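Next come the chains, spelled out residue by residue.
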Amino acid sequence: MRVLGVDPGLTRCGVGVVEGVAGRPLTMLGVGVVRTPAEAELGHRLVAVEQGIEQWLDEHRPEFVAVERVFSQHNVSTVMGTAQASAVAMLCAARRGIPVALHTPSEVKAAVTGSGRADKAQVGAMVTRLLRLDAPPRPADAADALALAICHIWRAPAQNRLQQAVAQHTARASAPSWKGRTA
């Protein structure tokens, strides 16, 4: 499974590609940051994020895109920028028919470090160890993008089984019952 992880942001949008399957060693195929100047007009910044993500999609051809789910913060302008960059990443993937998964920050931290309250340094250290890197990716947005991809690789099989079970249950529950009826 090849996953593009996206840690959305308008100034720095972390991107990282990881390949592998749960239970086996993972391989980092690329990591970086799509940057936009803070003083640029919002529309131009969003286009720059789109162009950057499109380049990553062209180069790495992921099967899935994992994006950090936007959560409420005290700074509304930061949340808005993050949400807008997140939407751009989802749009780029959807335009190509690539499935998108959203993961919360605490879900990613728990998957990678074992604790949903891990700090940036702990996430970076575990990403470094899991991907057998010489040093943690910098800036932290890049490490977070790799952590998102790792989280998705590890959690997708269980999530898919759960979704299939729910779908089967729903189908059985909504199927007409012919018991006791005669033709």
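Residues numbered from 1 in each chain as written. Predicted model: local features only at pLDDT ≥ 70, side-chain atom pairs only at ≥ 80, totals over all residues. Heavy atoms only, no water.

The protein is annotated in an unreviewed UniProt entry as Crossover junction endodeoxyribonuclease RuvC from Streptomyces doudnae. The Subunit (unreviewed entry) field of the UniProt record for the protein holds the comment "Homodimer which binds Holliday junction (HJ) DNA. The HJ becomes 2-fold symmetrical on binding to RuvC with unstacked arms; it has a different conformation from HJ DNA in complex with RuvA. In the full resolvosome a probable DNA-RuvA(4)-RuvB(12)-RuvC(2) complex forms which resolves the HJ." (UniProt positions renumbered as here; feature names shortened; annotations may be inferred.)

Asks: Any chance you could explain the UniProt feature "binding site: Mg(2+) 1" (unreviewed entry) in the protein here in plain terms?
Replies: The residues that UniProt annotates with the feature "binding site: Mg(2+) 1" (unreviewed entry) are Asp 7 and Asp 141. The annotated residues occupy 135 residues of the chain but converge on a single region, no pair of C-alpha atoms lying more than 6.1 Å apart. As for its position among the elements, Asp 7 is in strand β1 (residues 2-7). When its relative accessible area of 5% is taken as the criterion, Asp 7 is described as buried. Excluding residues within four positions of it along the chain, Asp 7 makes contact with Arg 12, Cys 13, Gly 14, Glu 68, Asp 141, Asp 144, Ala 145 and Leu 148. Within the secondary structure layout, Asp 141 lies in helix α5 (residues 140-174). Excluding its chain neighbours within four sequence positions, the residues that come into contact with Asp 141 are Asp 7, Arg 12 and Gly 14. (Helix = DSSP H or I, 4+ residues; strand = E, 2+ residues; numbered from the N terminus. Buried < 20%, exposed > 50% of the residue type's maximum accessible area, 1.4 Å probe, protein only. Contact = heavy atoms within 4.5 Å.)

Asks: Would you mind showing me how to read the pairing of strand β5 (residues 100-103) here?
Replies: In summary, the side chains of a regular strand alternate between the two faces of the sheet. Covered by surrounding structure in β5 are Ala 101 and His 103 only, the residues Val 100 and Leu 102 on the alternate face being uncovered. Of the pairings in the sheet, the one linking strand β4 (residues 64-68) to β5 comprises 4 bridges and is parallel in character. Its bridge partner being in β5, Val 67 is matched across the sheet by Leu 102. (Pairing = 2+ DSSP bridges.)

Asks: What should I look at first to understand the nonpolar core in this one?
Replies: As a rule of thumb, soluble globular proteins bury nonpolar side chains together. Ranked by size, the top nonpolar core spans 18 residues in total, and within it Val 18, Val 127, Leu 131 and Ile 150 carry the most contacts. Mapped by element, the contributors of at least two residues to this core are α3 (105-113), α4 (120-130) and α5. In terms of residues, this core owes the most to one element, α5, which gives 7 residues. Ignoring anything within four residues of it in the chain, the contact list for Ile 150 reads Val 18, Leu 26, Val 112, Val 127, Leu 130 and Leu 131. Core analysis: the next-biggest nonpolar cluster, separate from the first, contains 17 residues, Val 17, Val 34, Val 67 and Ala 93 among them. (Core = buried A, V, L, I, M, F, W, Y, C linked by side-chain atoms within 4.5 Å.)

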